[in-house]
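Structural overview
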Amino acid sequence: DAGVTQSPTHLIKTRGQQVTLRCSPKSGHDTVSWYQQALGQGPQFIFQYYEEEERQRGNFPDRFSGHQFPNYSSELNVNALLLGDSALYLCASSFWEGSEKLFFGSGTQLSVL
Amino acid sequence: QKEVEQDPGPLSVPEGAIVSLNCTYSNSAFQYFMWYRQYSRKGPELLMYTYSSGNKEDGRFTAQVDKSSKYISLFIRDSQPSDSATYLCAMSAGSGNTPLVFGKGTRLSVIA
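One numbering rule holds for all chains: residues counted from 1, following each sequence as written. Each chain takes a letter, starting from A, and each ligand takes a number, starting from 1, following the order in which they are written. Local features are withheld for residues below a pLDDT of 70 in this predicted model, meaning they are given only at 70 or higher, and side-chain atom pairs are given and counted only at 80 or more; totals for whole chains, interfaces and linings count all residues. Excluding hydrogens and water, the side-chain figures rest on all heavy atoms present in the structure.

**Points about the overall build of chain A**
For helices the rule is a DSSP run of H or I covering at least 4 residues; for strands it is a run of E covering at least 2, with both sets numbered from the N terminus onward. In terms of helices and strands, chain A carries 0 helices and 11 strands. Walking chain A from its N terminus toward its C terminus, one meets helices and strands in the order β-β-β-β-β-β-β-β-β-β-β. Radius of gyration means the value over C-alpha atoms here, while the globule rule gives 2.2 Å times the residue count to the 0.38 power. Here the C-alpha radius of gyration of chain A, 13 Å, is about what a compact globule of 113 residues would show, namely 13 Å. Each principal axis of the C-alpha distribution contributes one length, and for chain A these read about 40 × 25 × 25 Å. Within chain A, buried positions represent 49% of all 113 residues. Partitioning the contacts of chain A with sequence separation of at least 6, the portion at a separation of at least 24 is 53%. With residues, only the protein chains shown are counted as cover, and all accessible areas are computed by Shrake-Rupley using a 1.4 Å probe. As displayed, chain A has an accessible area near 5,400 Å², and 49% of this comes from carbon and sulfur atoms. Only protein chains enter the accessibility calculation, which uses a 1.4 Å probe; a residue is then buried when its area is under 20% of its type maximum, exposed when over 50%, and partly exposed in between. Any two residues having at least one pair of non-hydrogen atoms within 4.5 Å are treated as being in contact.

**Thoughts on the sheet that holds strand β1 (residues 5-7) of chain A**
Residue and element names in this part refer to chain A. Strands qualify as paired when DSSP identifies two bridges or more between them. Strands sit in the order β1-β3-β8-β7 across an open sheet of 4 strands; the sheet is antiparallel. Unpaired on one side and paired on the other, β1 and β7 (64-68) mark the two borders of the sheet. Taken pair by pair, the neighbouring strands of this sheet meet at an average axis angle of 20 degrees, ignoring direction. For strand β3 (residues 19-24) and strand β8 (residues 74-78), the ladder comprises 5 bridges, and the chain directions are antiparallel. Pairing of Val 19 across the sheet is with Val 78, part of β8. To obtain an axis, a line is fitted to C-alpha atoms, over the contacting stretch when the element is a helix, and the angle between two such axes runs from 0 to 180 degrees between their N-to-C directions.

**Notes on unusual backbone geometry**
Residue A:Pro8 follows A:Ser7 across a cis peptide bond; omega there is -10 degrees. As for its placement among the helices and strands, A:Pro8 is situated in the loop between β1 and β2 (10-13). Cis geometry is adopted by the peptide bond preceding B:Pro10, which originates at B:Gly9 and carries an omega value of 10 degrees. Within the fold, B:Pro10 resides in the loop between β1 (4-6) and β2 (11-14). Positive phi is not limited to glycine here, since A:Tyr72 has a value of about 80 degrees. Inspection of the secondary structure assignment puts A:Tyr72 in the loop between β7 and β8. When its relative accessible area of 41% is taken as the criterion, A:Tyr72 is described as partly exposed. Notably, A:Ala80 is not glycine yet its phi reads approximately 45 degrees, a positive angle.

**A short note on the pattern of salt bridges**
Two side chains with opposite charge may pair up if their charged atoms get near one another. What counts as a salt bridge is simple: a side-chain nitrogen of Lys or Arg found within 4 Å of a carboxyl oxygen of Asp or Glu. One pass over the structure, following the stated rule, counts 7 salt bridges over all chains. The partner of A:Glu51 in a salt bridge is A:Arg55, with the nearest N and O atoms 3.2 Å apart. Note that B:Glu45 is salt-bridged to B:Arg37, the shortest N-O span being 3.1 Å.

**Side note on the state of the cysteines**
Put simply, a disulfide is two cysteine sulfurs that come within 2.5 Å. Per the counting criterion, the structure on display carries 2 disulfides over all chains. Here A:Cys23 pairs with A:Cys91 through a disulfide, and the sulfurs are 1.8 Å apart. In this structure, the disulfide formed by A:Cys23 and A:Cys91 twists by about -60 degrees around the S-S bond and is classed as left-handed. Placement of the pair is A:Cys23 in strand β3 and A:Cys91 in strand β9 (residues 87-94), with a sequence separation of 68 residues. Since its relative accessible area comes to 0%, A:Cys91 is described here as buried. Residue pairing for B:Cys23: its cysteine sulfur links by disulfide to B:Cys89, the two sulfurs lying 2.0 Å apart. Judged by the sign of its S-S torsion, about -100 degrees, the bond between B:Cys23 and B:Cys89 is left-handed. Here the residue B:Cys23 occupies a position in strand β3 (residues 19-25), and B:Cys89 occupies one in strand β9 (residues 85-92), the gap between them amounting to 66 residues. Of the two residues examined, B:Cys23 and B:Cys89, each falls in the buried class.

Here it is, written out as structure tokens:
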């Protein structure tokens, strides 16, 4: 049973560029959440997708956007990259109904130069 | 005041020691409490999950929740070098789709 998979594992971009990160949820899960983890900090909630719609959003600017596909996989897009966007981006999957347990992928390490 | 406070450590203990990790929180609406373990350059792995107050034991790990004090703990008995990792507490106010609020994480090293 494949867990949550994310790609790419590492990415280097320059300020002002745009980036797309990808996530495939754990088999059977229908909900995908994205978290940003800066160095030495705990993960911070970006947004959550269910039924191809953004359901909840954390305190992140509109430069952060996402998408969920019919097969439940998801993308995170960040426009106009800033140095402060350098972080580990984590995808987590779960069931929309009846489970508080999130299962995380290994993350994408984004470096903005 | 942050919603969830966690001492970042680092914490260094000898092999076989009992480890105590703690978090405090301010939001009385939190009902679901979790501990995640995160190895370097990996995603967090769910270790323990507790609903409301009480204790939960799983092998060498015990999670405790005291809602009256807004305080949660994770105890690791007979600690092993393989337990060396960052431990993150997380909590949420609702079921299912409510986002988790994480602590900063405590970095633990178990020395052989």
